[in-house]
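Given next are the chains, with one letter for each unit.
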Amino acid sequence: MTSIAIYGAGLLGTNVAKLLSVRPSLSVYGPYGRTEREKALRSGADVVIIATTTRLRDVADDVREAINSGSNVLISAEEAAFPFIVDDSIARSLDSLARQKGVSVAGTGVNPGLIFDALVLTILGSSPRGCRVHVRRAVDISGFGETVLRRIGVGKSESDFALAVETEEILGHAGFPQSIHAVANALGLKVERIEKILLPVLATQDIELPGKLTIKSGESAGVSQTYTGIVDGKPWFIAHFFGHVALNMIKKDSGDDIDLMLNQKPIQSIKLRPGIGAQVGSQNMVANSIDRIISARPGWVTVAEMSPAFPAPVD
């Protein structure tokens with residue numbers, strides 16, 4: 001019997017608990033909220049899932065506690081997908097501790113975790129070296145809770161949005177530098193810098209999100225962001241994300257696109273329609289990563305080092 005403890009009683013943690021609870025071979029504990037933190041992190045479960053927030057600095061102590069209790073750790077925080085570019089000292093310390101304890105640690109999800117990294121690496125397997133990568137994603141973000149929507153950048157005037165980006169109150173959708181570096185690291189490439197553009201998508205009429213917030217005309221109803229990874233002085237990986245709370249209102253469809261270019265010519269293209277749902281995709285990626293984190297090498301691992309995520313066989 002494999003034991004799972006879930007820390008984070010929000011939408012993601014709650015839905016992951018439901019998905020895992022139907023597997024007879026798993027004992028699922030939680031989801032635990034912040035007042036029950038120690039029950040999850042000190043449980044000694046085979047796998048601890050941390051589904052709380054975005055930043056590495058906000059989950060580092062939680063990860064350390066779970067590792068010290070002998071658990072493998074899965075983290076939904078976007079910065080956990082490649083933590084070494086966020087805070088190399090913290091990441092290497094936790095990596096070293098996990099190796100000492102013989103457990104594995106990884107960030108997991110859809111974005112990062114699949115579309116901008118694992119899928120890219122998979123289709124690069126059929127392509128020659130030297131390809132440039134362009135990934136585009138359009139997502140309905142209305143299913144997120146108010147806290148996440150505010151962090152992404154919803155509900156701000158254009159000027160307030162710009163100020164909040166400067167102060168990092170608004171992050172847009174996080175995790176793109178992590179995906180870019182995870183792919184580059186797997187290919188042995190050095191990313192010289194990442195250029196970022198983060199802009200609001202302004203509503204042209206009031207939008208009501210029941211139980212969450214009302215977005216007034218002229219306020220941000222979504223974000224358009226682009227991250228460009230520079231290698232050898234040239235754009236190598238372009239990651240574009242368009243998130244909106246009412247895609248149908250602006251007559252835009254959700255979808256995911258991956259294009260590989262060689263010598264300015266397209267050589268490979270993947271289109272996913274209607275695209276991978278943000279909430280459904282993330283909760284399934286976490287739930288379907290139990291077996292692969294247990295089988296991964298000790299230490300902090302990336303998607304390039306783990307087996308693919310897929311539903312476990314029927315118990």
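Up top you'll find the structure we're talking about.
Summarised in this report is the structure supplied together with it. (Residues numbered from 1 in each chain as written. Predicted model: local features only at pLDDT ≥ 70, side-chain atom pairs only at ≥ 80, totals over all residues. Heavy atoms only, no water.)

### Focus on the packing of helix H1 (residues 11-21) against helix H9 (residues 278-287)
Here's step 1: One way to put it is that H1 packs onto H9 with a least axis distance of 9 Å and a crossing angle of 55°. Between H1 and H9, the angle is such that the two are oblique. The hand of the H1/H9 crossing is right-handed. In this structure, H1 contributes Leu-11, Leu-12, Asn-15, Val-16, Leu-19 and Leu-20 to the contact, and H9 contributes Gln-279, Ser-282, Gln-283, Asn-284, Val-286 and Ala-287.
Here's step 2: A class-by-class count of the residues in the contact of H1 with H9 yields 7 nonpolar, 5 polar and no charged. (Axes fitted to C-alpha atoms, helices over the stretch in contact; angles between N-to-C directions. Helix = DSSP H or I, 4+ residues; strand = E, 2+ residues; numbered from the N terminus. Parallel < 35°, antiparallel > 145°, perpendicular 65-115°, else oblique. Left-handed = near helix turned anticlockwise from the far one by under 90°. Contact = heavy atoms within 4.5 Å. Nonpolar A, V, L, I, M, F, W, Y, C, P; charged D, E, K, R; others polar.)

### Structural notes on the pattern of salt bridges
Here's step 1: Under the criterion given, the structure shown has 20 salt bridges.
Here's step 2: For the salt bridge of Asp-257 with Arg-136, the shortest nitrogen-to-oxygen distance reads 3.7 Å. Remark: Arg-136 occurs in strand E6 (residues 132-140) and Asp-257 occurs in strand E12 (residues 255-262); sequence separation between them is 121 residues.
Here's step 3: Classification of Asp-257 as buried rests on a relative accessible area of 7%.
Here's step 4: Residue class for Arg-136 comes out partly exposed when judged on its relative accessible area of 24%.
Here's step 5: What emerges from the salt-bridge pattern is a single network uniting Arg-37, Glu-38, Arg-42, Asp-62 and Glu-65. (Salt bridge = Lys/Arg side-chain N within 4 Å of Asp/Glu carboxyl O. Buried < 20%, exposed > 50% of the residue type's maximum accessible area, 1.4 Å probe, protein only.)

### Observations regarding the pairing of strand E3 (residues 47-50)
Here's step 1: Across the two faces of E3 the burial is the same, with Val-47 and Ile-49 and Val-48 and Ile-50 all buried.
Here's step 2: As judged from the 4 bridges shared by strand E1 (residues 2-7) and E3, these two strands associate in the parallel manner. Considered in E3, the bridge of Ile-4 is made with Val-47.
Here's step 3: Between the parallel pair E3 and strand E4 (residues 72-75), the chain is carried across by helix H3 (residues 56-68), and the sense of this crossover is right-handed. (Pairing = 2+ DSSP bridges. Right-handed = clockwise from strand over helix to strand, strands pointing away.)

### What to know about the sheet that holds E6
Here's step 1: On the basis of which strands lie adjacent, the open sheet formed by 6 strands has the order E7-E10-E11-E6-E12-E13 and mixed pairing. Because the sheet does not close on itself, it has two edges, and the strands there are strand E7 (193-202) and strand E13 (265-272). Looking at each pair of strands side by side, their axes are set apart by 10° on average, direction ignored.
Here's step 2: The sheet contact formed by E6 and E12 spans 7 bridges and is antiparallel. Across the sheet, the residue bridging to Val-133 is Leu-260, located in E12.
Here's step 3: Of the strands in this sheet, E7, strand E10 (220-231) and strand E11 (234-244) are in contact with helix H8 (residues 176-187), which crosses E11 at around 145°.

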